[in-house]
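As a plain string of letters, each chain reads:
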Amino acid sequence: MASLDLAFVRSNFPAFGLPDYEGQSFFENAGGSFACRQTIDALHRYYTHTKVQPYARYGPSASAGEQMDSSRARWADALGVAVDEVQFGPSTSMNTYVVAKAFGELLGPGDEIIVTNQDHEANSGAIRRMAAATGATLKEWRVDPATGLLDPDRFRALLSEKTRVVSFPHCSNIVGQENPVAELTAAARSVGARTIVDGVSFAPHGLPDVAALGADIYLFSLYKVYSVHQGLMVTRNGILDELPNQGHVFNAGLASKRLTPAGPDHAQEASAGAVLDYVEATAAHHGVQTSTLREAAAATSALWQEHEHEMATPVLELLAGHEGVRLIGPAESVSPNLHRCPTIAFVPRAKTSAEVASELVARGIMCGNGDFYAGRLLEGVDVDLTHGVVRISWVHYTDQADIDRLLGALHEVLDR
Ligand SMILES: Cc1ncc(COP(=O)(O)O)c(C=O)c1O
């Protein structure tokens, strides 16, 4: 397969042509990505032509409803699942909150729930609160304090026939290492436990085959995947029928509404699928023959990951080998089958994280510092929460010039 054509990629992101970003490189993608042209055009089109209540008989309304249905169907195809298994909600935090509430109506004393301390607060807090409210026992699968990694053997040791729900991230927003989701969901399934997987920090780096991952619930945030500000949730393996309805009473029978009580954001749902045009165009541009959207998503994801890996190698080498820095997370992937996402966090030894982040920003590196809502993880790897980490995160549209600017800035800031 050809390698990723960055000129083609960047021509699909209007932000790269704007004076607003001139002389700077964007390294806060884990917070939210730029939107691709297809997403921006779709939103503009919806607001211009079909900004009416959808699903009525008149033309613009019917068209609005069709666009919403199409987004859902196309995302289902891209993720390798059925249409009724895809739901949109206001955000991943909100989707997780509703899921936790629904599980809370089923669980009680004697039941066990497993969460990790590698999670973003969004995936952990609501489930922990639900455990406390129901009297279920909460077990924490803890990261290795030296590496920030989760050990699957420790997970297996926590599982029992009482385990009802397990929640873990596909990838942490600090550590950057993809977890072996299929292996973990199979282990949970073997004791009859349901799985909730937070894919937010992974999906921007590859649109997963969710059926193959085996998760009962898989969530991610479209605004980090070049799309609109919505959360996408996949519910599989009959879990939707098992969980009590959280929506309006008259919507109990509607798969798209049982776990999404908020009224839909019509324009964003209608535009959510447009990013998949970009994904298909990327596969086609690189000469990949695909007959399904799932195949296009897989091919494009492979191109993205290969490029990200190439860009990451010198940065990870620099940070892992620099005596003035503690890199959080691995310098290279723990397995050839798992992606080491370029979400890279480090603690400077001679300066504070805030000082280093400010000095990087002054050199055109758009990045930040703090706990990034992963305070439990930072405590788990013994990072002082008052200072937190510096985080540099990128995606497939980051090019060699961005990486050169980053390497130059890191040398200047860390070597002085
Ligand atoms: C790993 C991870 N999970 C969950 C979330 C929450 O997503 P949302 O902002 O859609 O609620 C974030 C947001 O940054 C995240 O990084």
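**Focus on the pattern of salt bridges**
Working step 1: Enumeration over the complete set of coordinates arrives at 19 salt bridges.
Working step 2: The partner of Lys-351 in a salt bridge is Glu-359, with the nearest N and O atoms 2.8 Å apart.
Working step 3: Of the residues examined, Glu-359 reaches a relative accessible area of 19% and is grouped as buried.
Working step 4: Taken together, the shared-partner salt bridges in this structure form one network comprising Arg-10, Asp-399 and Asp-402.

**Quick look at the sheet that holds strand β4 (residues 137-141)**
Working step 1: The sheet built from seven strands is open, its strands ordered β2-β8-β7-β6-β5-β3-β4 with mixed pairing. The strands lining the two open edges of the sheet, one partner per strand, are β2 (86-89) and β4. Neighbouring strand axes in the sheet, compared pairwise and without regard to direction, differ in orientation by 20 degrees on average.
Working step 2: As paired elements, strand β6 (residues 194-198) and strand β7 (residues 217-221) share three bridges and run parallel to each other. Among the inter-strand pairings, Val-197 is bridged to a residue of β7, identified as Tyr-218.
Working step 3: Here helix α4 (residues 92-104) sits on the sheet in contact with β2, β5 (163-169), β6, β7 and β8 (231-235), set at roughly 155 degrees to β7.
Working step 4: The sheet contacts of helix α5 (residues 121-134) involve β3 (112-116), β4, β5, β6 and β7, and relative to β3 the element is tilted by about 155 degrees.

**Here's the deal with the site of the ligand**
Working step 1: Ser-91, Thr-92, Ser-93, His-120, Ala-122, Asn-173, Asp-198, Val-200, Ser-201, Ser-221, Tyr-223 and Lys-224 make up every residue found near the ligand.
Working step 2: One nitrogen or oxygen atom from the side chain of Ser-93 is found 2.6 Å from an oxygen atom belonging to the ligand.
Working step 3: Within the contact set of the ligand, an oxygen atom lies 2.6 Å away from a side-chain nitrogen or oxygen of Lys-224.
Working step 4: The fraction of the free accessible surface of the ligand (390 Å²) that becomes covered by protein chains is 89%.
Working step 5: Here the shell around the ligand is composed, by residue class, of three nonpolar, seven polar and two charged.

**What to know about the domain arrangement of the protein chain**
Working step 1: Under the domain assignment, the protein chain is made up of domain 1 (6-34 + 295-415) and domain 2 (42-275).
Working step 2: Distance between the C-alpha centres of domain 1 and domain 2: 26 Å.
Working step 3: The partner domain 2 presents 38 residues to the 41 residues of domain 1 that form the contact.
Working step 4: Both faces combined, the contact of domain 1 with domain 2 buries some 2900 Å², and carbon together with sulfur accounts for 57% of it.
Working step 5: Summed over the shared surface of domain 1 and domain 2, the result is one salt bridge.
Working step 6: In this structure, Arg-376 and Glu-121 form a salt bridge, with 2.5 Å as the shortest nitrogen-oxygen distance.
Working step 7: Here domain 1 is connected to domain 2 by 20 residue pairs in polar contact (both at pLDDT 80 or more).
Working step 8: Of all elements in the fold, only α12 (293-321), β9 (325-328), β10 (343-348), α14 (375-380) and β13 (389-393) reach the threshold of two or more residues within the side of domain 1 that touches domain 2.

**A few points about empty space enclosed by the protein**
Working step 1: All chains considered together, the criterion is met by one cavity of 30 Å³ or more.
Working step 2: Along the walls of the largest cavity sit Asn-29, Ala-30, Val-200, Ser-201, Pro-204, His-205, Thr-343, Ser-393 and Val-395, which together make up its complete lining.
Working step 3: Looking at the lining of the largest cavity residue by residue, the classes come out as four nonpolar, five polar and no charged.
Working step 4: Both domain 1 (6-34 + 295-415) and domain 2 (42-275) contribute no fewer than three residues apiece to the lining of the largest cavity.

**So, the sheet that holds β13**
Working step 1: Spatially, the four strands line up as an open sheet ordered β9-β10-β13-β12, and their pairing is antiparallel. Single-partner strands in this sheet number two, and they are β9 and β12 (368-370). When strand polarity is set aside, the average angle formed by the axes of neighbouring strands in this sheet is 35 degrees.
Working step 2: Sheet analysis places β9 next to β10, joined by four bridges and oriented antiparallel. In the sheet register, Ile-328 faces β10, and the bridge partner there is Ala-345.
Working step 3: Strands β10, β12 and β13 of the sheet are contacted by helix α13 (residues 353-362), whose axis makes an angle of about 35 degrees with β13.

**A few points about the packing of α4 against α5**
Working step 1: For the pair α4 and α5, the least separation of the axes is 9 Å and the interaxial angle reads 20 degrees. As summarised for this structure, α4 and α5 are arranged roughly parallel, according to the angle between their axes. Considering only the axes of α4 and α5, their crossing is right-handed. The segment α4 lies against α5, with Ser-93, Thr-96, Tyr-97, Ala-100, Phe-103 and Gly-104 engaging Ala-122, Asn-123, Ala-126, Ile-127, Arg-129, Met-130 and Thr-134.
Working step 2: When the residues that make up the contact of α4 with α5 are grouped by side-chain class, the tally is seven nonpolar, five polar and one charged.

Rules used throughout
- Residues numbered from 1 in each chain as written.
- Predicted model: local features only at pLDDT ≥ 70, side-chain atom pairs only at ≥ 80, totals over all residues.
- Heavy atoms only, no water.
- Salt bridge = Lys/Arg side-chain N within 4 Å of Asp/Glu carboxyl O.
- Buried < 20%, exposed > 50% of the residue type's maximum accessible area, 1.4 Å probe, protein only.
- Pairing = 2+ DSSP bridges.
- Helix = DSSP H or I, 4+ residues; strand = E, 2+ residues; numbered from the N terminus.
- Axes fitted to C-alpha atoms, helices over the stretch in contact; angles between N-to-C directions.
- Contact = heavy atoms within 4.5 Å.
- Near = heavy atom within 4 Å.
- Polar contact = N/O pair within 3.5 Å; in protein donor to acceptor, adjacent residues only side chain to side chain.
- Areas by Shrake-Rupley, 256 points an atom, 1.4 Å probe, with all protein chains shown as cover.
- Nonpolar A, V, L, I, M, F, W, Y, C, P; charged D, E, K, R; others polar.
- Domains from an automatic or database assignment.
- Buried area = accessible area lost by both parts, 1.4 Å probe.
- 1 Å grid on protein atoms, 1.4 Å probe; cavity = no way out; pocket = protein on both sides within 12 Å on 5 of 7 lines; lining within 4 Å.
- Points joined across faces, edges and corners; volume = space filled by probe spheres on them.
- Parallel < 35°, antiparallel > 145°, perpendicular 65-115°, else oblique.
- Left-handed = near helix turned anticlockwise from the far one by under 90°.

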